[in-house]
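Residue-level listing of the chains:
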Amino acid sequence: MAAPHPARSPADDTPEAAKLWAMIRGIDVAMMTTLDGDQLRSRPMWCLQDRFDGRLYFFTRRSAHKVEEVERDSHVGLSFARPDKQDYVSVSGRGRVLIDPQLIREMWREPMRTWFPKGLDDPDLALLAVEVEAAEYWDSPSSAMVHLYGYAKAALTGQPPHPGENRKLDFDRA
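Residues numbered from 1 in each chain as written. Predicted model: local features only at pLDDT ≥ 70, side-chain atom pairs only at ≥ 80, totals over all residues. Heavy atoms only, no water.

K.L.:
What's the story with the overall build of the chain in this structure? I'm lost.
P.N.:
The number of helices and strands found in the chain is 4 helices and 7 strands. Reading the chain from its N end, one meets helices and strands in the order α-β-β-β-α-β-β-α-β-α-β. Looking at the 174 residues of the chain, the share that counts as buried comes to 40%. Taking all contacts inside the chain whose residues are at least 6 apart in sequence as the whole, residues at least 24 apart take part in 73%. Working note: accessible area of the chain is about 9700 Å², and carbon and sulfur atoms make up 55% of it. (Helix = DSSP H or I, 4+ residues; strand = E, 2+ residues; numbered from the N terminus. Buried < 20%, exposed > 50% of the residue type's maximum accessible area, 1.4 Å probe, protein only. Contact = heavy atoms within 4.5 Å. Areas by Shrake-Rupley, 256 points an atom, 1.4 Å probe, with all protein chains shown as cover.)

If you want it as structure tokens, here you go:
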């Protein structure tokens with residue numbers, strides 16, 4: 001279960017990584033989906049990191065059921081949404097639990113004390129790191145005029161508008 005802090009990948013400095021981080025930075029909560037037997041389970045998870053190194057980090061308890069799920073099947077899905085800006089991001093990756101006191105201290109933010117009242121002294125405290133393998137984003141202008149244009153175009157042509165950008169990103173780590 002214990003693992004050293006993973007090394008940076010050259011792919012982390014790509015325009016794709018920068019775009020992904022620009023879209024999800026500032027969205028505090030992601031919906032994390034794991035496989036529980038043959039059922040998908042999602043739950044809100046706080047993502048409070050201040051940099052992106054190809055991984056996304058979430059505090060968890062070692063004893064949490066999601067840890068068992070990730071150890072059985074490391075596939076993890078993350079969904080980020082900022083409806084006020086019409087930004088939506090879906091991330092796919094591999095999760096693993098890290099018991100790294102130095103990294104835990106580095107990532108710790110005081111709001112996490114809400115869920116971990118003992119703070120850094122909590123022996124059950126761990127990080128769930130998600131190595132990003134792929135992502136897809138939808139980046140749409142959010143102005144009322146754009147939505148009005150989209151409505152008018154759909155009404156007149158019967159075709160939905162495509163006012164924003166949708167792109168799939170591949171973070172090949174090979």
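K.L.:
Before we go on, may I ask you to explain the pattern of salt bridges in this structure?
P.N.:
Opposite charge on two side chains allows them to pair when their charged atoms are near. One pass over the full model with this rule turns up 12 salt bridges. Among the charged side chains, a salt-bridge network with shared partners connects D36, R41, R43, E68, E69 and R72. (Salt bridge = Lys/Arg side-chain N within 4 Å of Asp/Glu carboxyl O.)

K.L.:
What should I look at first to understand helix α2 (residues 65-72) in this one?
P.N.:
Side chains that are three or four residues apart share a direction in an α-helix, a result of its 3.6 residues per turn. Among all positions in α2, only K66, V67, E69 and V70 are buried. The buried residues of α2 occupy one face: seen down the axis, they fall within an arc of 160 degrees. (Arc of directions from axis to C-beta.)

K.L.:
What is the right way to look at the environment of L127 in this model?
P.N.:
Mapped onto the fold, L127 is located in strand β6 (residues 125-139). Residue classification places L127 among the buried positions, given a relative accessible area of 0%. As for L127 and D100, which are separated by 27 residues in sequence, their C-alpha atoms are 8.0 Å apart.

K.L.:
Even after reading the chapter, I still don't get the packing of aromatic side chains, so can you show me in this structure?
P.N.:
In this description, an aromatic ring pair is defined by two values, namely the gap between the centres and the angle between the planes. Counted under the stated rule, the structure contains 4 aromatic pairs. On the basis of an interplanar angle of 85 degrees and a centroid distance of 5.5 Å, the ring pair of F59 and W108 is categorised as edge-to-face. In this pair, F59 is assigned in strand β3 (residues 55-61) and W108 in the loop between α3 (101-107) and β6, connecting sequence segments 49 residues apart. Given the relative accessible area of 11%, W108 is considered buried. Linked through ring pairs, F59, W108 and F116 together constitute an aromatic cluster. (Phe/Tyr/Trp six-rings, centres within 6.5 Å; stacked < 30°, edge-to-face > 60°.)

That is the geometry; function is a separate question.
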